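Report on the structure
Chain residues, written in single-letter form:
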Amino acid sequence: CKKPYTPPAEELAVLGMSPEDHATFYKGEGCPECRHTGYSGRRAAFEMLMVSGKIRRLISEDANINDLTAEARKEGFTTMRESCRDLVLRGITTAEEAARTINTTVVE
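Below is a summary of the structure that appears in this document. Since this is a predicted model, take the numbers as computed values, not measurements.

1. What to know about the overall build of the protein
Counting its regular elements, the protein contains five helices and two strands. Starting at the N terminus and walking to the C terminus, you meet the elements of the protein as β-α-β-α-α-α-α. Computed over its C-alpha atoms, the radius of gyration of the protein comes to 17 Å, more than 25% above the 13 Å expected for a compact globule of 108 residues. Projected onto its principal axes, the C-alpha positions of the protein cover 55 × 30 × 20 Å. By residue count, 27% of the 108 residues in the protein fall in the buried class. Long-range contacts, defined here as pairs at least 24 residues apart, represent 57% of the contacts in the protein between residues at least 6 apart. As displayed, the protein offers around 7,500 Å² of accessible surface, 50% of which is attributable to carbon and sulfur atoms. Taken as two groups, the 15 positive and 17 negative side-chain charges of the protein have centres that lie 5 Å from each other.

Structure, rendered in structure tokens:
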């Protein structure tokens, strides 16, 4: 029962996006199948750092956060914000729910 809408700047900012991204967001209208909530089921949004040999070495050498982050990204690491943004852009959840998940408030 989702329908597209144009997100306000505040919702875009929560997900690290701007109006120039021309993203389509979705909101559930509510129907009997979702019990008029706009949601159905659950979906995981997470960030997980796999500690490889290289990451382990960087940690043991007290590497700075930028070096750790760069290596993690090379190995496929994505942040919670990026995970939530992907779910929003795929129409699986709303920006409001993503903001709640990443402990950020969307100002209306």
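That was the structure; now back to the text.
2. Details of the environment of Arg 73
With respect to the secondary-structure elements, Arg 73 resides in helix α3 (residues 65-74). Residue Arg 73 is classed as partly exposed on the basis of its relative accessible area of 37%. Once you skip the residues sitting within four places of it in the chain, Arg 73 turns out to touch Thr 78, Thr 79 and Glu 82.

3. Let's talk about the packing of helix α2 (residues 53-60) against α3
One can describe the packing of α2 onto α3 by two numbers: an axis separation of 10 Å at closest approach and a directional angle of 175 degrees. Our classification of the angle between α2 and α3 gives roughly antiparallel. Residues Lys 54, Ile 55, Leu 58 and Ile 59 of α2 lie in contact with α3, whose contacting residues are Asp 67, Leu 68, Glu 71 and Ala 72. Partitioned by chemical class, the residues of the contact of α2 with α3 number five nonpolar, no polar and three charged.

4. Some points on α3
All buried positions along α3 are accounted for by Leu 68, Glu 71 and Ala 72. Down the axis of α3, the buried set is contained in an arc of 100 degrees. They therefore lie on one face. Within α3, the exposed residues directed more than 90 degrees away from the buried face are Asn 66 and Lys 74. Two or three places before Asn 66, at the opening of α3, Asn 64 has a side-chain oxygen 2.9 Å from that residue's backbone nitrogen. Taken from the residues just after α3, Gly 76 is the one with a positive phi, measuring 100 degrees.

What counts, and at which threshold
Residues numbered from 1 in each chain as written. Predicted model: local features only at pLDDT ≥ 70, side-chain atom pairs only at ≥ 80, totals over all residues. Heavy atoms only, no water. Helix = DSSP H or I, 4+ residues; strand = E, 2+ residues; numbered from the N terminus. Rg over C-alpha atoms; globule rule 2.2 N^0.38 Å. Buried < 20%, exposed > 50% of the residue type's maximum accessible area, 1.4 Å probe, protein only. Contact = heavy atoms within 4.5 Å. Areas by Shrake-Rupley, 256 points an atom, 1.4 Å probe, with all protein chains shown as cover. Lys, Arg positive; Asp, Glu negative; His and termini not counted. Charge placed at Lys NZ, Arg CZ, Asp CG, Glu CD. Axes fitted to C-alpha atoms, helices over the stretch in contact; angles between N-to-C directions. Parallel < 35°, antiparallel > 145°, perpendicular 65-115°, else oblique. Nonpolar A, V, L, I, M, F, W, Y, C, P; charged D, E, K, R; others polar. Arc of directions from axis to C-beta. Polar contact = N/O pair within 3.5 Å; in protein donor to acceptor, adjacent residues only side chain to side chain.

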